[in-house]
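Here is what each chain is made of, one letter per residue.
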Amino acid sequence: VSRKEANVPMGSDADVNLDLVLGISDPLPSETRAAGYVRIPYSSNASAYGFVPLPFAVLGADEGIQILVLAGSHGDETESQVALVKLLGNLDPRAMKGRIVALPMANEPAARVGARNSSIDGLNLNRVYPGNMFGSPTTVIADYIERQLMSESEVVLDLHSSSDSFNYLPCAAIIFHPDKEERIRRLSLALAFGAPNVLVMHSYEDRNSSGAATRAGAVRFATELSGQDAVRMTIEGILNLLRWSGILPRNTKKAPAKSSLPNIKVIHPESHYVYALYDGVLEPRVRLGDMVEKGQVVSLIHDPSRPFRPTREIKATTSGQVVCLRPFGRISTGDFVLHLGEDPDVNLSDDIAEAVKSNWLRELSLGPRKGRRPRRR
Ligand SMILES: [Zn+2]
């Protein structure tokens, strides 16, 4: 009896295996819909032969473009974890040319307890690439993601959300790359997602998922989407990406996408990151999206234990837009207070104009599938 005859709704597990357990050297299933766990070896005092169960799903045809979507790289960022599984449950794989490979709790030991870093080894998944298959669980996960999953994917989307210590403008984000072609590919993905803001960060990327994807021959971008709207924005953005890439048919009935660009801001950590040099309670004096001038007071640091003492003022080190902001709360010396962004320069504006016209992923989808690499044993 076919799915249609049996009237089995999408999301039912009547004819798909949702309890697969894969070893870290096993290929992903070729079914159009499957899920389960990757077995990350971890022998603890409590469980000699146990493993960290890294949840995964595949959806779509095992041919054409492959997009790897990570959520829960930081386990306390929960919106994107929910958005990803909602999207998977509502997409019909028969309509897809190409597929999504999803890790909805990419650092599972962190996501299980709702913490940024792993509850086993204390590590931040997005700082330990390329990982180490002989190391602790977070480094084994990083090794698996980079060497087994990114190497077979054309695109990597790393979904992030706010946590207790910061909020971002809702955005897609890329890391600036010195190679113009790579830069334009990253930009075009961020623009195709359709978030209201795009951040271009001049950050060191070798240890995070951006550097990992680049080493593996994939193009990576990220998002920072938080709050109740984040689920809708994440799902809409991924659908935009799937249509842009040709994995889903373009919606011809819908009016063409608006041609206006999102708000694009560039971040140089040396000049745009503002830090606290005192301990105390932080009171933000600006809001996300505000434009601030160099020297403007952006936050106050109070010491509630010392009445009548002067409050410490934190001033903007440069002018720009507040793109990331630490909320009201305890703060320590060395903590970040906010990040500013500035407008793109002439060169980057040229790149953006080229990225708007770029169709590189769709063109790639018409060619042969990315070569599968021999697996190291
Ligand atoms: Zn994050």
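Before any of the text, the structure's been laid out above.
Keep in mind that what you see is a predicted model, and the values were worked out from it rather than measured.

1. Here we look at the overall build of the protein chain
Part 1 of the reasoning: When you go through the protein chain residue by residue, the secondary structure sums to 9 helices and 19 strands.
Part 2 of the reasoning: The C-alpha atoms of the protein chain give 22 Å as radius of gyration, which agrees with the globular expectation for 377 residues (21 Å, within 12%).
Part 3 of the reasoning: Overall, the protein chain is about 75 × 55 × 40 Å in size when its C-alpha atoms are taken along their principal axes.
Part 4 of the reasoning: Taking all contacts inside the protein chain whose residues are at least 6 apart in sequence as the whole, residues at least 24 apart take part in 71%.
Part 5 of the reasoning: For the protein chain, the exposed surface amounts to about 17900 Å²; the carbon and sulfur share of it is 51%.
Part 6 of the reasoning: When the 44 basic and 43 acidic side-chain charges of the protein chain are each reduced to a single mean position, those positions are 2 Å apart.

2. Brief notes about the coordination of the zinc ion
Part 1 of the reasoning: Here the zinc ion is held by the protein donor atoms His 74 (ND1), Glu 77 (OE), Glu 77 (OE) and His 160 (ND1), which lie 2.0 to 2.3 Å from it.
Part 2 of the reasoning: Viewed at the metal, the 4 donor atoms of the zinc ion are separated by angles of 58 to 146 degrees, and the geometry they form is irregular.
Part 3 of the reasoning: Here the donor residues for the zinc ion map to a single chain with the spacing H-x2-E-x82-H. Taken together, the positions of His 74 in the loop between β4 (66-70) and α1 (79-90) and His 160 in strand β6 (residues 155-160) put the pair 86 residues apart, joining distant regions of the chain.

3. With respect to helix α4 (residues 180-193)
Part 1 of the reasoning: Here α4 is 14 residues long and its end C-alpha atoms lie 20 Å apart, about the 20 Å a rise of 1.5 Å per residue gives.
Part 2 of the reasoning: Among the 14 residues of α4, 11 are classified as buried, and the element is accordingly described as predominantly covered.
Part 3 of the reasoning: Taken as a whole, α4 has its buried residues at Glu 182, Arg 183, Ile 184, Arg 186, Leu 187, Ser 188, Leu 189, Ala 190, Leu 191, Ala 192 and Phe 193.
Part 4 of the reasoning: For α4, the side-chain oxygen to backbone nitrogen distance between the N-cap and Glu 181 is 3.4 Å, and the N-cap itself is Asp 179.
Part 5 of the reasoning: Following α4 by one or two positions, Gly 194 has its phi on the positive side, about 85 degrees.

4. Section: the pattern of salt bridges
Part 1 of the reasoning: What the rule picks out here adds up to 16 salt bridges.
Part 2 of the reasoning: Salt-bridge contacts for Arg 215 lead to Glu 146; the nearest nitrogen and oxygen are separated by 2.8 Å. You can see Arg 215 sitting in helix α5 (residues 209-215) and its partner Glu 146 sitting in helix α3 (residues 137-149), a full 69 residues away along the chain.
Part 3 of the reasoning: Glu 146 gets classed as buried once you look at its relative accessible area, which sits at 10%.

5. A look at the sheet that holds strand β8 (residues 171-175)
Part 1 of the reasoning: Spatial ordering of the open sheet is given by β1-β2-β3-β5-β4-β6-β10-β8-β9-β11, a layout of 10 strands whose pairing is mixed. Only two strands of the sheet have a single neighbouring strand rather than two, namely β1 (20-22) and β11 (263-267). When the angles between neighbouring strand axes are averaged without regard to direction, this sheet yields 25 degrees.
Part 2 of the reasoning: In terms of strand pairing, β4 meets β6 through 4 bridges, oriented parallel. Bridging from a neighbouring strand, Ile 67 pairs with Val 155 of β6.

6. Describing the packing of aromatic side chains
Part 1 of the reasoning: Scanning all chains against the criterion turns up 3 aromatic pairs.
Part 2 of the reasoning: Both rings, one in Phe 166 and one in Tyr 168, keep their centres 5.7 Å apart while their planes meet at 85 degrees; by these two values the pair is edge-to-face. Each member of the pair, Phe 166 together with Tyr 168, is buried.
Part 3 of the reasoning: With 6.3 Å between their ring centres and 65 degrees between their planes, Tyr 273 and Tyr 275 make a pair best called edge-to-face.

7. Some words on the sheet that holds strand β18 (residues 329-331)
Part 1 of the reasoning: Spatially, the 4 strands line up as an open sheet ordered β16-β15-β13-β18, and their pairing is antiparallel. Every interior strand has two partners, whereas the edge strands, β16 (312-315) and β18, have only one. Across this sheet, the average inter-strand angle for adjacent strands is 40 degrees, counted without regard to direction.

8. Quick word on the side chain of Gln 66
Part 1 of the reasoning: With respect to the element layout, Gln 66 can be found in strand β4.
Part 2 of the reasoning: One polar contact links the side chain of Gln 66 to the main-chain carbonyl oxygen of Glu 152, over a distance of 3.4 Å.

9. Let's talk about the side chain of Ser 80
Part 1 of the reasoning: You can see Ser 80 is positioned in helix α1.
Part 2 of the reasoning: For Ser 80, a relative accessible area of 2% corresponds to the buried category.
Part 3 of the reasoning: Beyond its immediate sequence surroundings of up to four residues, Ser 80 is in contact with Ala 71, Gly 72, Leu 159, His 160 and Ser 161.

10. What to know about the nonpolar core
Part 1 of the reasoning: Among the nonpolar cores identified, the biggest contains 51 residues, and Leu 91, Ile 100, Leu 189, Phe 221, Ile 238 and Leu 242 are the most heavily contacted of them.
Part 2 of the reasoning: Of all the elements, helix α6 (residues 229-245) adds the most residues to this core, at 9 residues.
Part 3 of the reasoning: Contact partners of Leu 189, with chain neighbours within four places excluded, come to Val 155, Val 219, Phe 221, Leu 241, Trp 244, Trp 360 and Leu 361.
Part 4 of the reasoning: Grouped together as the second largest cluster of nonpolar side chains are 31 residues, Ile 24, Val 52, Leu 149 and Ala 213 included.

11. Details of the environment of Leu 59
Part 1 of the reasoning: Locating Leu 59 in the fold gives a position in strand β3 (residues 51-60).
Part 2 of the reasoning: You can call Leu 59 buried: its relative accessible area is 2%.
Part 3 of the reasoning: For the pair Leu 59 and Asn 347, spaced 288 residues apart in the sequence, the C-alpha separation amounts to 38 Å.
Part 4 of the reasoning: Setting aside anything within four residues of it in sequence, one finds Leu 59 in contact with Thr 32, Arg 33, Leu 88, Leu 91, Pro 93, Met 96, Gly 98, Arg 99 and Ile 100.

12. Some points on α1
Part 1 of the reasoning: With 12 residues, α1 should reach 16 Å at 1.5 Å per residue; the first-to-last C-alpha distance of 17 Å fits that figure.
Part 2 of the reasoning: Among all positions in α1, only Glu 79, Ser 80, Gln 81, Ala 83, Leu 84, Leu 87 and Leu 88 are buried.
Part 3 of the reasoning: At its buried positions, α1 is contacted by β3, β4, β5 (99-103), α2 (108-113), β6 and α6.

Analysis parameters
Residues numbered from 1 in each chain as written. Predicted model: local features only at pLDDT ≥ 70, side-chain atom pairs only at ≥ 80, totals over all residues. Heavy atoms only, no water. Helix = DSSP H or I, 4+ residues; strand = E, 2+ residues; numbered from the N terminus. Rg over C-alpha atoms; globule rule 2.2 N^0.38 Å. Contact = heavy atoms within 4.5 Å. Areas by Shrake-Rupley, 256 points an atom, 1.4 Å probe, with all protein chains shown as cover. Lys, Arg positive; Asp, Glu negative; His and termini not counted. Charge placed at Lys NZ, Arg CZ, Asp CG, Glu CD. Donors = N, O, S within 2.8 Å, 3.2 Å for Na, K, Ca; no water. Tetrahedral: all angles 85-135°; square planar, octahedral: opposite > 155°, others 65-115°. Expected span 1.5 Å × (residues − 1). Buried < 20%, exposed > 50% of the residue type's maximum accessible area, 1.4 Å probe, protein only. Polar contact = N/O pair within 3.5 Å; in protein donor to acceptor, adjacent residues only side chain to side chain. Salt bridge = Lys/Arg side-chain N within 4 Å of Asp/Glu carboxyl O. Pairing = 2+ DSSP bridges. Axes fitted to C-alpha atoms, helices over the stretch in contact; angles between N-to-C directions. Phe/Tyr/Trp six-rings, centres within 6.5 Å; stacked < 30°, edge-to-face > 60°. Core = buried A, V, L, I, M, F, W, Y, C linked by side-chain atoms within 4.5 Å.

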